Amino acid sequence: MTVSAIEFTRLGPPKLRLHGQQCDSCGTLMPWWETKYCYSCGSREITPVPLEGKGEISNYTVVYYPPRDFLGQEPYVVGHITMDEGVLLPAPVVDVAPEEVEVGTRVKATLRRMKLGHEGDIYYGQKFVVDS
Ligand SMILES: [Zn+2]
């Protein structure tokens, strides 16, 4: 989840905690943005559940030519993180040289500045750091 500093003030820190969504019928765990229905059984009864914030890199890419909002951060790593709860999330992996990242690296979630908005507002979101 990514929110601006203005939204952060309005919504408060709980909105920025890492969470997934779980189907009330079959228990399938999904990423937080799968909000409409369970993609396993089709139920619309789904509940947000907190994630512990730890997992491992299942695959990753190194971005050398970022979109405009992320200029100046390159090169940076974007990983597919398999959370310990089993759900797969895409997220930046920071504070590590790209050549030191590999499949299987243990990571943990951390709240960081994500980007600058077009009107100078600052967006925050979940990134991951190596869990040593
Ligand atoms: Zn289900």
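Each chain carries its own residue numbering, running from 1 in the direction its sequence is written. Two thresholds apply to this predicted model, a pLDDT of at least 70 for residue-level local features and 80 or more for giving and counting side-chain atom pairs, whereas whole-chain, interface and lining totals are computed over all residues.

Tell me about the pairing of strand 6 (residues 76-83), residues and numbers included.
The side-chain alternation of strand 6 yields one buried face, formed by V77, G79, I81 and M83, and one unburied face, formed by Y76, V78, H80 and T82. Two strands pair when backbone bridges link them, and strand 5 (residues 54-63) and strand 6 are joined in this way by eight bridges, in the antiparallel orientation. Each residue of the ladder has a partner; that of N59, found in strand 6, is H80. Bridge count between strand 6 and strand 7 (residues 88-93): six bridges; the pairing is antiparallel. Whether a residue is buried, exposed or partly exposed follows from its count of other C-beta atoms within 10 Å of its own C-beta, namely 20 or more, 12 or fewer, or something in between, respectively; the C-beta atoms are built from the backbone. Put simply, DSSP H or I for four residues or longer makes a helix, DSSP E for two residues or longer makes a strand, and each gets a number counted from the N terminus. DSSP bridges decide pairing: two strands pair if at least two such bridges lie between them.

I'd love a proper account of the environment of A109, names of residues and values included.
The residue A109 is located in strand 8 (residues 106-116) in this model. By the C-beta count within 10 Å, which is 21 here, A109 ends up buried. Spatially, the C-alpha atoms of A109 and V93 are 9.0 Å apart, while their sequence positions differ by 16 residues. The contact criterion used here is simple: two residues whose C-beta atoms, placed from the backbone, lie within 7 Å are in contact. In contact with A109, other than residues within four places in its own chain, are L18, G53, Q126 and F128.

Just give me the short version of the sheet that holds strand 2 (residues 19-23), but keep the residues and values in it.
Reading across from one edge, 3-2-4 is the order of the three strands in this open sheet, with antiparallel pairing throughout. Edge positions in the sheet fall to strand 3 (29-31) and strand 4 (46-50), since each of these pairs with one other strand and no more. Ignoring which end each strand starts from, the neighbouring axes of this sheet average 40° apart. The pairing of strand 2 with strand 3 spans three bridges and is antiparallel. Looking across to strand 3, one finds that G20 is bridged to P31. Between N-to-C directions, angles cover 0 to 180 degrees, with each direction set by a line fitted to C-alpha atoms, over the stretch in contact for helices.

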